[in-house]
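Next come the chains, spelled out residue by residue.
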Amino acid sequence: MFSGRRVCVVVPAHNEERLISRVIDTMPELVDRIIVVDDASTDGTAGVLEEAGARHGCRLKVIRHEANGGVGAAIVTGYKAALAEGPEKLLIAVMAGDAQMDPADLPRLLAPLAADQADYVKGNRLFTGEAWEIIPRHRYLGNAVLSLLTKIASGYWHVADSQSGYTVITGEALAVVHLDRLYRRYGFPNHLLVELNNYDFRVRDVPIRPVYGVGEVSGIRLHRVIPTLSWLLVKCYFWRMKEKYIIRDFHPLIFFLALGLGLTTVGLGLGAWIVYHRIAVGALAATTVIFDAFCLIMGFQMLFFAMWMDMERNKGLR
């Protein structure tokens, strides 16, 4: 229990036989329930979890996927299992099975939710300069790119570490979220933020200590992940614009967004034609170039204004 609220921790795990025992054994006493979702591991994870079950008894629940579904699918399974025990006065955390989340940080993540200051809390590993020295450089830079795109897609401009999987959500908020339509793999936390913004849930960043060097080798390939998640976030952005600013509450920013996209598309297309014409034919009327510049300038201004209006609409969700 924490401040009168039950605490459940969901632990997604895939081939974590070396580290999953450490994660379970170091779980703080305040945690009432540990739900480990074995995402079809092919190593000795199942055996380690069986031994852990003998030590922790009914406090530990293990769910096994017969087929690998991805980290997002494992979290969704854990979320549903937690909700099945009742969402009232429930706080559900997620801690990965690779021992890269410090259990000592959990109370600080729980505190804003217990005080009703937020509905969802994310650990922020980038708050101090320590992260630049600890996190592998390529992962830090990849995280920065995805965090910027997630700010735009989700509307939570104050969330700095979008890829952090160390999170806590209230049972009441989780009961509203449509879990079955969320992305099932590495982009799950990004997609969840978009879903939360659609219902105006409050999200807060809490500084945590980045933990690396415990023997875990990441299977993430940034050259694949960044293009895939970038496309996911583009789709999420337009989905959120439709759901939040057309269907739920028609908002003027839609006009600026539509005009901005239209003018920018015309400007880029006309600019490409101007370059081709200049190379293949020669000089052309200056008015064409001026019109193209006008389209691009106005298009970008309208896009930035739509973005600013979105920021103003969501600034109260901190």
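For the structure itself, look to the data block above.
Now for a quick tour of the structure.

Rules used throughout
Residues numbered from 1 in each chain as written. Predicted model: local features only at pLDDT ≥ 70, side-chain atom pairs only at ≥ 80, totals over all residues. Heavy atoms only, no water. Pairing = 2+ DSSP bridges. Helix = DSSP H or I, 4+ residues; strand = E, 2+ residues; numbered from the N terminus. Axes fitted to C-alpha atoms, helices over the stretch in contact; angles between N-to-C directions. Contact = heavy atoms within 4.5 Å. Expected span 1.5 Å × (residues − 1). Buried < 20%, exposed > 50% of the residue type's maximum accessible area, 1.4 Å probe, protein only. Arc of directions from axis to C-beta. Core = buried A, V, L, I, M, F, W, Y, C linked by side-chain atoms within 4.5 Å. 1 Å grid on protein atoms, 1.4 Å probe; cavity = no way out; pocket = protein on both sides within 12 Å on 5 of 7 lines; lining within 4 Å. Points joined across faces, edges and corners; volume = space filled by probe spheres on them. Nonpolar A, V, L, I, M, F, W, Y, C, P; charged D, E, K, R; others polar. Polar contact = N/O pair within 3.5 Å; in protein donor to acceptor, adjacent residues only side chain to side chain. Patch = residues over 30% accessible without salt bridge, like charges linked within 9 Å, V, L, I, M, F, W, Y side chains within 5 Å. Areas by Shrake-Rupley, 256 points an atom, 1.4 Å probe, with all protein chains shown as cover. Salt bridge = Lys/Arg side-chain N within 4 Å of Asp/Glu carboxyl O.

Here's the deal with the sheet that holds strand β1 (residues 6–13)
Right, so step 1: Strands sit in the order β3-β2-β1-β4-β6-β5-β7 across an open sheet of seven strands; the sheet is mixed. Across the chains shown, the open sheet's two edge strands, defined by having one partner strand only, are β3 (60–64) and β7 (203–207). Each neighbouring strand pair of the sheet contributes to a mean axis angle of 20 degrees, computed without reference to strand direction.
Right, so step 2: Both strand β5 (residues 120–124) and strand β6 (residues 167–170) contribute to a ladder of three bridges, which runs antiparallel. Note that in β6 the partner of V121 across the bridge is V168.
Right, so step 3: Contacts from helix α8 (residues 188–198) reach β5, β6 and β7, with the element oriented near 145 degrees to β5.

Some details on helix α2 (residues 45–56)
Right, so step 1: Here α2 contains 12 residues, and its C-alpha end-to-end distance of 16 Å stays within 8% of the 16 Å for a straight helix at 1.5 Å per residue.
Right, so step 2: Where α2 is concerned, the buried positions are T45, V48, L49, A52 and H56. Seen end-on, α2 carries its buried residues on one side only, within an arc spanning 100 degrees. What points out from α2, more than 90 degrees from its buried face, is the exposed set E50, E51 and A54.
Right, so step 3: For α2, the secondary structure elements touched by its buried residues are α1 (20–25), β2 (33–38) and β3.
Right, so step 4: Note on α2: the residue one or two positions beyond its end, G57, has a positive phi of about 60 degrees.

Digging into the nonpolar core
Right, so step 1: The biggest cluster of nonpolar side chains holds 34 residues, and the ones touching the most others in it are V36 and L106.
Right, so step 2: Breaking this core down by element, the ones donating at least two residues are β1, α1, β2, α2, β4 (90–94) and α4 (106–114).
Right, so step 3: Grouped together as the second largest cluster of nonpolar side chains are 31 residues, I35, Y156, V159 and L193 included.

Focus: the layout of surface pockets
Right, so step 1: Put simply, the second largest pocket is a space of about 430 Å³.
Right, so step 2: Lining the second largest pocket are 18 residues, with I152, Y237, L261, L303 and M307 positioned closest to its centre.
Right, so step 3: Taken together, the elements giving at least two residues each to the lining of the second largest pocket come down to α6 (137–154), α9 (222–248), α10 (253–280) and α11 (286–314).
Right, so step 4: Looking at the lining of the second largest pocket, its residues break down into 15 nonpolar, three polar and no charged.

Details of the side chain of T150
Right, so step 1: Here T150 shows up in helix α6.
Right, so step 2: Here T150 falls in the buried class, since its relative accessible area comes to 2%.
Right, so step 3: Among the polar contacts listed, one links the side chain of T150 to the side chain of N190, at a separation of 2.8 Å.
Right, so step 4: Contact partners of T150, with chain neighbours within four places excluded, come to G155, S162, Q163, N190, L193 and L233.

Here we look at a nonpolar patch on the surface
Right, so step 1: There is a patch of nonpolar side chains on the surface, built from W231, V234, F238 and L261 and spanning about 380 Å² of accessible area.
Right, so step 2: Among the elements that line the nonpolar patch, the one with the most residues is α9, at three residues.
Right, so step 3: By secondary structure assignment, the location of F238 is in helix α9.
Right, so step 4: Among the residues examined, F238 registers a relative accessible area of 41% and is labelled partly exposed.

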